[in-house]
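# Examination of the molecular architecture
Next come the chains, spelled out residue by residue.
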Amino acid sequence: MKRPLANCSDEELFALMGSPNRQRAEAAFHELYARYSQRVYSYCARILGNRQDAQDVFQETFLRFWQSAQQERTMTNVPAFLLRIARNLCFNFLRDHHPTTEFEEELHTPPTSSSPEHQLERAELSTILHRALAQLPPEYREALVLREQIGLSYAEIAHIVGASESAVKVRVFRAKEKLRQLLAPYIEELQHYRQSSSAQREP
Amino acid sequence: MTSAEYLQRLHELLDGELPAEAEEGLFYALAADAELRAALRQLILVQRALVREQPSIPAQLEQQLFQRLGFAEQGIRQRWQTGAIAIGSALLGFALGALLFLRTPEPSASSSPQPSPAVLEMALPMRAPAALPALRIPIAPPSTAPQPSLSEPPAAVVQPVPPQESPIATFTPPQPSPTEASPATLPESIQLPVSPGLPLRVGIRFLGLWQQSSPEATLPMQSSGVRNLCLSVEQPLSTAHAIALEAGSEDFPQVFSSERTGLQYRQRPTLLWVGLAHHWEPSAEASVVPFLHTLLGGTVVGPVGKAWVGSAIRLGERSQLRIGLEGTLLLYRFEGQWFSTRKLGISYGMAFSR
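The notes below deal with the structure included here.

A separate point is the overall build of chain A. The number of helices and strands found in chain A is 10 helices and 0 strands. Along chain A, from the amino end to the carboxyl end, the secondary structure elements read α-α-α-α-α-α-α-α-α-α. For chain A, the proportion of contacts with a sequence separation of at least 24, taken over those separated by at least 6, is 68%.

Here it is in structure tokens:
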């Protein structure tokens, strides 16, 4: 009796992707896609900072992943392998295209106090965060995203980016510090708004 | 220690990498330095924002990818095949139930269980003498034997049939009281319901033995609690119709977009729903009967409608297994726009009469 794919390890699924049984191979791909697509997409979106570019690289990453499964039979760390493919594609893309700096001026302007509620809406905060991340150097942004959004250990990040653990720690520290400084005016607003709104709710 | 060094310590603290021996010094510095405290607050908020603001994968991106890989067509074909098998099975089950129901003869004196004398006394308080010839018809046809009367010896009438199989053999007509003698109040037939009250039913149903949803969202479910389960209480209105109060918990894949931000959201929350249902199931002696169950209800995000069609298999006097094809429609609003989730699946459950 066949085991459900959800119970299979990454390595087993990767091996199944190269199986001659096309249906089984696709099902294994679907399972790995469900497990790691969010990580890969977060990585691409944060590194490239542009939705369309991120989608292109994301698709290309999984296409190459599928192709490599047809050629190789063993894989020891599937998520790291996927992220390495995505990383190579992202950095190639950044090398060939000039990264955008269009948000820089806006970010250094503190938010106006005319409509603080609107400033605090989630979508706008998301945009602000996105813009702040876009201002970080790609290596710092990458280390931060892998650590804070994807939740990898320093050792795993070091393995993916090909640097030492201490170098990765420094990158994460500097990225967070830069981000804190960039977001400081917005964060104060956010905190002020939260405090005042919770005070209003109290009877 | 300089403030820059303390700042680095703060990062280490939030990262879970601060050595224990450095904690005391940092906490003293935090107590004394308002700027450092502000930096800590800012770092916490930045970290939260980073974790919370995950970019979501657009639904069409997934389709495009699978199409490029050559999966999409096969996937759709496979879904259609699976769906067709499921729908076919459910329809077959329903047809089988309907067939068995239609082929089952109407309950009659000869096929129904023998009522006890006590029950007959209740059902036929006055017309017992008139009802007796009707009971005797299958035993002794009028063309071959003269119509007997109560005054004749029973042995002569029931000779072809063993005496214990005839209710007449053991029936003792009660003495009517003067108040019961009015013909207007007398029951006309022996097929009156034996029990005047219809019993309340409780049911439990498991949703999605097999399930397809549109839109699909390949996301993990957002709750680890009870889900895809429904409980109901049914009050029969007649032998074929019942109304039910139902409550259930079910996961609904949702894909919706914001016109304002241009973002597309994908989620798979587990929602509680409550609704009022109508259950139709023909009363029959067959062990398998078809049923149709429809529900209108609501969730915290919007209205929900369900239709469940299938077969009920009688397992005993008071219990039955129900299995069938269930369709669900959930409507919800986001930024003034309506979105929907449609689900089709096979559900099964048990119903128990009190």
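Continuing now.
This part takes up the interface of chain B and chain A. In this complex, chain B contributes 28 residues to the contact, which on the side of chain A involves 28 residues. Sorting elements by how many residues they give to the side of chain B that touches chain A places helix α3 (residues 34-52) of chain B first, with 10 residues. A per-class count over the side of chain B that touches chain A returns 14 nonpolar, 10 polar and 4 charged.

Residue and element names in this part refer to chain B. With 11 bridges connecting them, strand β1 (residues 201-214) and strand β10 (residues 337-353) associate as antiparallel partners. Paired with S213 across the bridge in β10 is K343. With 16 bridges joining them, strand β9 (residues 319-334) and β10 adopt antiparallel strand pairing. Paired with E326 across the strands is G345, a residue of β10. Linkage of β9 to β10, two consecutive antiparallel strands, is achieved through a turn of 2 residues, within which E335 is found at a positive phi near 50°.

Now for the pairing of strand β7 (residues 288-298) of chain B. Residues and elements named next belong to chain B. Of the pairings in the sheet, the one linking strand β6 (residues 270-280) to β7 comprises 7 bridges and is antiparallel in character. Following the sheet pairing, H279 is matched in β7 by H293. Here β7 runs beside strand β8 (residues 303-314); their pairing, made up of 11 bridges, is antiparallel. The residue bridging F291 from the neighbouring strand is G310, located in β8. From the end of β7 to the start of β8, which pair antiparallel, there are 4 residues.

A few words on the sheet that holds β9(B). Strand order in the closed barrel made by the 8 strands is β1-β2-β3-β6-β7-β8-β9-β10 (chain B), with antiparallel pairing throughout. Neighbouring strand axes in the sheet, compared pairwise and without regard to direction, differ in orientation by 25° on average.

For the rest of this paragraph, the subject is α3(B). Residues and elements named next belong to chain B. Helix length check: α3 (19 residues) gives 27 Å between terminal C-alpha atoms against 27 Å at 1.5 Å per residue, within 8%. Among the residues of α3, A39, Q42, L43, V46, A49 and L50 are the ones counted as buried. Axial view of α3: buried residues confined to an arc of 130°, hence all on one face. Of the exposed residues in α3, those oriented more than 90 degrees away from the buried face are A34, R48, V51 and R52.

We now examine the packing of helix α3 (residues 51-71) of chain A against helix α4 (residues 78-96) of chain A. All names here are of chain A. α4 packs onto α3 with a crossing angle of 135° between their chain directions and a minimal axis gap of 9 Å. Considered as vectors, α3 and α4 are oriented oblique to each other. Like other packed secondary-structure pairs, α3 and α4 cross with a definite hand, here right-handed. In this structure, α3 contributes D53, V57, E60, T61, R64 and F65 to the contact, and α4 contributes L82, I85, A86, L89, C90 and F93. Its residues assigned to classes, the contact of α3 with α4 comprises 8 nonpolar, 1 polar and 3 charged.

Cut-offs applied
- Residues numbered from 1 in each chain as written.
- Chains lettered and ligands numbered in written order.
- Predicted model: local features only at pLDDT ≥ 70, side-chain atom pairs only at ≥ 80, totals over all residues.
- Helix = DSSP H or I, 4+ residues; strand = E, 2+ residues; numbered from the N terminus.
- Contact = placed C-beta atoms within 7 Å.
- Nonpolar A, V, L, I, M, F, W, Y, C, P; charged D, E, K, R; others polar.
- Pairing = 2+ DSSP bridges.
- Axes fitted to C-alpha atoms, helices over the stretch in contact; angles between N-to-C directions.
- Expected span 1.5 Å × (residues − 1).
- Buried ≥ 20, exposed ≤ 12 C-beta atoms within 10 Å, placed from the backbone.
- Arc of directions from axis to C-beta.
- Parallel < 35°, antiparallel > 145°, perpendicular 65-115°, else oblique.
- Left-handed = near helix turned anticlockwise from the far one by under 90°.

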